[in-house]
Amino acid sequence: MSSLPRDPAMLLSVVNTNLRDYYDSLEEFCSAKDADKEEIIEILKKINYKYDDNKNQFV
């Protein structure tokens, strides 16, 4: 996950933008970016965001 920001707000912006524009799922995003899905979920949980499968966004 070294190419992704560690700051939760910045990470949220990067992930949601990528999910909206390029990827059909969080799994696809993580695979393409070689990122740890659970780590992203835990970081964003700290700022009260959770992944919504139906919206394909953290809300």
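Read on for an overview of the structure. (Residues numbered from 1 in each chain as written. Predicted model: local features only at pLDDT ≥ 70, side-chain atom pairs only at ≥ 80, totals over all residues. Heavy atoms only, no water.)

A word on the packing of aromatic side chains
Short version of the rule: Geometry of aromatic contacts follows a simple scheme: Phe, Tyr and Trp rings, the Trp one being its six-membered ring, pair when their centres are within 6.5 Å, and the pair is stacked under 30 degrees between planes, edge-to-face over 60, tilted otherwise. When accessible area is computed with a 1.4 Å probe and restricted to protein chains, residues below 20% of their type maximum are described as buried, those above 50% as exposed, and intermediate ones as partly exposed.
Inspection of the entire model under this criterion finds three aromatic pairs. With 5.6 Å between their ring centres and 75° between their planes, Y23 and F29 make a pair best called edge-to-face. Considered together, Y23 and F29 belong to a single accessibility category, that of buried residues. Every member of this aromatic cluster is reached through a ring pair, and the members are Y22, Y23 and F29.

A word on the side chain of N16
We apply this condition: Runs of H or I in DSSP of at least four residues are treated as helices and runs of E of at least two as strands, each being numbered from the N terminus. As used in this structure description, the phrase polar contact means that two N or O atoms lie within 3.5 Å; if the pair is within protein, one of them must be able to donate a hydrogen and the other to accept it, and residues adjacent in sequence are counted only when both atoms belong to side chains. A contact between two residues is defined here by any heavy atoms of the two lying within 4.5 Å.
Position of N16 relative to the elements: it lies in helix α1 (residues 8-21). Among the polar contacts made by the side chain of N16, one reaches the main-chain amide nitrogen of F58 at a distance of 2.8 Å. In this structure, N16 is in contact with Q57 and F58, ignoring residues within four places of it in sequence.

Remarks on the pattern of salt bridges
Using the following cut-off: Basic side-chain nitrogens of Lys or Arg form a salt bridge, by our definition, when they fall within 4 Å of a carboxyl oxygen of Asp or Glu.
Summed over all chains, the structure comprises four salt bridges. The closest approach of N and O atoms between E27 and K37, which form a salt bridge, is 2.5 Å. You can see E27 sitting in helix α2 (residues 26-33) and its partner K37 sitting in helix α3 (residues 37-45), a full 10 residues away along the chain. On the accessibility criterion, E27 (39% relative accessible area) is partly exposed. According to the relative accessible area criterion, K37 is partly exposed, its value standing at 28%. In this structure, E42 and K45 form a salt bridge, with 3.2 Å as the shortest nitrogen-oxygen distance. Here the residue E42 and the residue K45 both occupy positions in helix α3, the gap between them amounting to three residues, near one helical turn.

Observations regarding the nonpolar core
Condition: Residues belong to a common nonpolar core when they are buried Ala, Val, Leu, Ile, Met, Phe, Trp, Tyr or Cys residues joined through side-chain atoms within 4.5 Å.
L11, V15, L19, L26, F29, I40 and F58 are the most contacted members of the largest nonpolar core, which has 16 residues in total. Breaking this core down by element, the ones donating at least two residues are α1, α2 and α3.

Description of the packing of α1 against α2
What counts here: Working convention: axes come from line fits to C-alpha atoms, limited for helices to the stretch in contact. Angles between N-to-C directions cover 0 to 180 degrees. Note on angle classes: values under 35 degrees are labelled roughly parallel, values over 145 roughly antiparallel, values of 65 to 115 roughly perpendicular, and the remainder oblique. Residues are grouped as follows: nonpolar covers Ala, Val, Leu, Ile, Met, Phe, Trp, Tyr, Cys and Pro; charged covers Asp, Glu, Lys and Arg; every other residue, Gly included, is treated as polar.
Viewed as axis vectors pointing N to C, α1 and α2 meet at an angle of 110°, and their least axial separation amounts to 10 Å. By the angle between their axes, α1 is roughly perpendicular relative to α2. Judged by residue contacts, V15, N18 and L19 of α1 engage L26, F29 and K33 from α2. Within the contact of α1 with α2, the residues separate by chemical class into four nonpolar, one polar and one charged.

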